[in-house]
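# Structure assessment
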Amino acid sequence: MDLFEAIQNRRSCRAYRPDPVSRELIAELLAWAGRAPSAINVQPWEFIVVTGEEKERLARRILKAHREKKVSCGPGTSRPLPEPWTGRQRRLYGAMKAIAEPLQLDLNHFVGEGSCQFYGAPVAVLVCLDSLFPPVRMLDIGLALGNFFLAAQARGLGTCPIGLILAYEDEIKEHLNIREEKQLLLGLALGYQDPAAPINRLQADREAIGGMIRWIT
Ligand SMILES: Cc1cc2nc3c(=O)[nH]c(=O)nc-3n(C[C@H](O)[C@H](O)[C@H](O)COP(=O)(O)O)c2cc1C
């Protein structure tokens, strides 16, 4: 698959077929992630891959924490988002609602509980950074994840980044026996997309990039 086609067609997948993904394929995608550049080539990313019954157990643990604490998806900022950012979030939720409401799905419930269960994907990947590193090293991890998402797209797999579960970091670390000094940065769902699921028709729009560029010439 052409790189630009993969960039164009990738989108977050929120419904999966139960078909397992082979260990070889997951390892290949992570190897592509590991081809990303990183400052002084330290390659600070760490991945935890959870599949099968272990993934179901993890999802049940996260869901339990979610039902107790009820954290909802948000930008994670210390104060409400001003424009232009808040309008973008509103438009995303509007597009999601247009799909969810005719199906009598409560959007908050769908996204909250769905995220906690990795939207039913057979594979959950957790991404960690050692707390020895400064926050700027998250950039290196972002670059690796960009590779991962595109490689998955090129291999015909769906993905969804899942930040909501960070609200339950303590519970996840305890459940998976992750060492204290490892910071959980993101979860992600991986699997074969369910093409029949209406939610997978969602296309999150993008603003023209021109407004986000300042040219100095
Ligand atoms: C860091 C990060 C965290 C995210 N967390 C969630 C999440 O918890 N649940 C969810 O459904 N989508 C989550 N998303 C997916 C975004 O909603 C999605 O990327 C955005 O709406 C753009 O849509 P697209 O990925 O389909 O292009 C997350 C994306 C990123 C980059």
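For the structure given in this document, a descriptive report is provided here. (Residues numbered from 1 in each chain as written. Predicted model: local features only at pLDDT ≥ 70, side-chain atom pairs only at ≥ 80, totals over all residues. Heavy atoms only, no water.)

### What about the overall build of the protein?
Along the backbone of the protein there are seven helices and four strands. Scaling as 2.2 N^0.38, a compact globule of 217 residues should have a C-alpha radius of gyration of about 17 Å, and the protein matches this with 18 Å. The long-range fraction of contacts in the protein, counting pairs at least 24 apart against all pairs at least 6 apart in sequence, stands at 84%. Averaging the coordinates of the 27 positive side-chain charges in the protein and doing the same for the 25 negative ones gives two points 4 Å apart. (Helix = DSSP H or I, 4+ residues; strand = E, 2+ residues; numbered from the N terminus. Rg over C-alpha atoms; globule rule 2.2 N^0.38 Å. Contact = heavy atoms within 4.5 Å. Lys, Arg positive; Asp, Glu negative; His and termini not counted. Charge placed at Lys NZ, Arg CZ, Asp CG, Glu CD.)

### So, the pattern of salt bridges
Summed over the entire model, instances satisfying the criterion amount to 17 salt bridges. Here R17 and D19 are joined by a salt bridge, their closest N and O atoms 3.4 Å apart. Looking at D19, the relative accessible area reads 31%, which means it is partly exposed. In this structure, the salt-bridge partner of D140 is R137, at a minimum N-O distance of 2.9 Å. (Salt bridge = Lys/Arg side-chain N within 4 Å of Asp/Glu carboxyl O. Buried < 20%, exposed > 50% of the residue type's maximum accessible area, 1.4 Å probe, protein only.)

### Things to note about the sheet that holds strand β3 (residues 158-162)
Read from one edge of the open sheet, four strands run β1-β2-β4-β3, paired in antiparallel fashion. Each edge of the open sheet is held by one strand with a lone partner, namely β1 (46-51) and β3. With strand direction ignored, the average angle separating the axes of adjacent strands in the sheet is 25°. Along the sheet, helix α2 (residues 23-33) contacts β1, β2 (123-130) and β4 (182-191); its crossing angle with β1, the most-contacted strand, is approximately 160°. Against the sheet, helix α3 (residues 52-69) contacts β1 and β2, and its axis sits at roughly 100° relative to β1. (Pairing = 2+ DSSP bridges. Axes fitted to C-alpha atoms, helices over the stretch in contact; angles between N-to-C directions.)

### Brief notes about the packing of aromatic side chains
Scanning all chains against the criterion turns up two aromatic pairs. Taken together, a centroid distance of 5.6 Å and an interplanar angle of 45° make the contact between F110 and Y119 tilted. By relative accessible area, which is 17% here, F110 ends up buried. Aromatic side chains F148 and F149 sit 6.2 Å apart centroid to centroid with 80° between the ring planes, which places their arrangement in the edge-to-face category. Summarising the burial analysis for this pair, F148 and F149 share the class buried. (Phe/Tyr/Trp six-rings, centres within 6.5 Å; stacked < 30°, edge-to-face > 60°.)

### Overview of the site of the ligand
Every one of the 16 residues lining the ligand counts as a neighbour, but S12, R14, Y119, G163 and R206 are closest to it. At a separation of 2.8 Å, an oxygen atom of the ligand approaches a polar side-chain atom of R14. Here a nitrogen atom of the ligand and a backbone polar atom of G163 are 2.8 Å apart. The fraction of the free accessible surface of the ligand (620 Å²) that becomes covered by protein chains is 70%. Taken atom by atom, the bulk of the ligand overlaps the largest pocket. Of all the elements, β3 adds the most residues to the shell around the ligand, at three residues. Partitioning the shell around the ligand into residue classes produces nine nonpolar, three polar and four charged. (Near = heavy atom within 4 Å. Polar contact = N/O pair within 3.5 Å; in protein donor to acceptor, adjacent residues only side chain to side chain. Areas by Shrake-Rupley, 256 points an atom, 1.4 Å probe, with all protein chains shown as cover. 1 Å grid on protein atoms, 1.4 Å probe; cavity = no way out; pocket = protein on both sides within 12 Å on 5 of 7 lines; lining within 4 Å. Sits in = over half its atoms within 2 Å of the grid points. Nonpolar A, V, L, I, M, F, W, Y, C, P; charged D, E, K, R; others polar.)

Limitation: the analysis is restricted to geometry and does not speak to function.
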